[in-house]
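Descriptive analysis of the structure
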Amino acid sequence: MSITDNLLKIKGSLPKNVTLVAVSKTHPTEAVAKAYAAGQRIFGESRPQEMRDKYTSLPKDIEWHMIGHLQTNKVKYIAPFVALVHSIDSQRLLECINHEAAKNSRVIDILLEIHVAEEISKTGWDIAELRAYLEEGSWRELKNVRIRGVMSIATNTDDESRVRGDFERLMEYRAQLAEYFDENFNIVSMGMSDDYELAIACGSTMVRIGSKIFGERDYSK
Ligand SMILES: *Cc1c(COP(=O)(O)O)cnc(C)c1O
């Protein structure tokens, strides 16, 4: 199946309240252009320079989402244009985004990436640490970021009950954290190619789908 066919099939199957992020990392600009021609406007990338290069050469009505782990020294590459950063997992990174957004006279939307998988993973906020940080309150002074919701990557396993457990945990955390925010705290980014249907059944409002649209990735390129 072609990129266009894959995209339209997935889009047609999603409930109206679920946003599709087409994850184009490692795929060439031409692949993104094909999905764009089929109507897709939201794309996810995980490397700042790659995202910036694609932003430069593609139409400007694309919303670029940063979904990968982000180093503070690379935030400057994406701060002028990024629409949503899914992967905020530390106070330091949040403050850095705020600083770079201010330099660009922007307010940047972000999601709090929370560690829910049972497997040891490097990314994602420990929920106890996140709660302590939100309670402490200094984040309220960061006027150039807007915290829009939560994001997680589920355990990489065929065991559906474990994946479901991860998704349910994120939904529970989101409900607990909502007391700190207003009605704009309404995005739950969870679900990838292999688990997005389950994620939606558990309450996801934003799915990040790469290989089911663009095919397998080749990281050697
Ligand atoms: C690569 C990536 C995806 C997309 O993965 P697929 O399995 O190809 O759909 C989704 N989320 C994150 C954070 C990713 O890094």
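In this report, the structure presented in the accompanying data block is examined. Computed from a predicted model, the values in this text were never measured in an experiment. (Residues numbered from 1 in each chain as written. Predicted model: local features only at pLDDT ≥ 70, side-chain atom pairs only at ≥ 80, totals over all residues. Heavy atoms only, no water.)

1. Points about the environment of Thr155
The line we're drawing: A helix here means a DSSP run of H or I that spans at least four residues, while a strand means a run of E at least two residues long, and both kinds are numbered starting from the N terminus. Two residues qualify as a contact provided that any one of their heavy atoms is within 4.5 Å of a heavy atom in the partner residue. Any N or O atom pair separated by 3.5 Å or less is treated as a polar contact, with the protein-specific requirement of one donor-capable and one acceptor-capable atom, and with residues adjacent in sequence counted only for side-chain atom pairs.
Mapping Thr155 onto the fold places it in the loop between strand S6 (145-151) and helix H7 (160-177). As a C-alpha pair, Thr155 and Val116 span 39 residues in sequence and 8.0 Å in three-dimensional space. In contact with Thr155, other than residues within four places in its own chain, are Ala117, Glu118, Glu119, Arg162, Val163 and Asp166. At 2.5 Å, the side chain of Thr155 and the side chain of Asp166 are in polar contact.

2. Some points on helix H3 (residues 48-57)
Quick note on the threshold: Type-normalised accessible area, obtained with a 1.4 Å probe on protein chains alone, sets the label of each residue: buried when under 20%, exposed when over 50%, and partly exposed for intermediate values. This arc corresponds to the set of directions leading from the helix axis out to the C-beta atoms.
Every buried residue belonging to H3 is among Pro48, Glu50, Met51 and Lys54, and all of these are buried. Each buried residue of H3 lies within a common arc of 160° when the element is viewed along its axis, so the set occupies one face.

3. Examining the pairing of S6
Within a regular strand, side chains alternate between the sheet's two faces. Here is the rule: Here, strands pair whenever DSSP counts at least two bridges between them. A right-handed crossover is one whose linking path, passing over the helix from the first strand to the second, runs clockwise when the strands point away from the viewer.
Within S6, six of the seven residues are buried, which leaves the element mostly enclosed by the surrounding structure. Examined bridge by bridge, strand S5 (residues 108-113) and S6 share six bridges and lie parallel to one another. For Ile110, the partnering residue across the bridge sits in S6 and is Ile147. Pairing geometry for S6 and strand S7 (residues 187-189), over three bridges, is parallel. Looking across to S7, one finds that Val150 is bridged to Val188. Chirality of the crossover, the property in question, places the unit of S6, H7 and S7 among those that are right-handed.

4. Quick notes on the pattern of salt bridges
Worth spelling out the cut-off: Salt bridge, as applied in this entry: a Lys or Arg side-chain nitrogen positioned within 4 Å of an Asp or Glu carboxyl oxygen.
Across all of its chains, the model carries nine salt bridges by this definition. Across the pair Lys54 and Glu45 runs a salt bridge whose closest N-O atoms are separated by 2.8 Å. Both residues of the pair, Lys54 and Glu45, count as buried. The partner of Glu100 in a salt bridge is Lys103, and the shortest N-O contact between them spans 3.3 Å.

5. Describing the packing of helix H1 (residues 3-13) against helix H2 (residues 29-37)
To keep it simple, the criterion reads: Geometry is summarised by axes, namely lines fitted to C-alpha atoms with helices restricted to the contacting stretch, and by angles between N-to-C directions that run from 0 to 180 degrees. Each angle is binned into one of four classes, with values under 35 degrees roughly parallel, values over 145 roughly antiparallel, values of 65 to 115 roughly perpendicular, and all other values oblique. Throughout, a crossing is termed right-handed when the near helix is turned clockwise from the far one, and left-handed when it is turned anticlockwise from it by less than a right angle.
It is at 9 Å that the axes of H1 and H2 come closest, and there the two elements cross at 50°. Here H1 lies oblique to H2, going by the angle between them. Considering the relative orientation of H1 and H2, their crossing is right-handed. In contact with Ile3, Thr4 and Leu7 of H1, H2 contributes Ala31, Lys34 and Ala35.

By themselves these figures say nothing about function.
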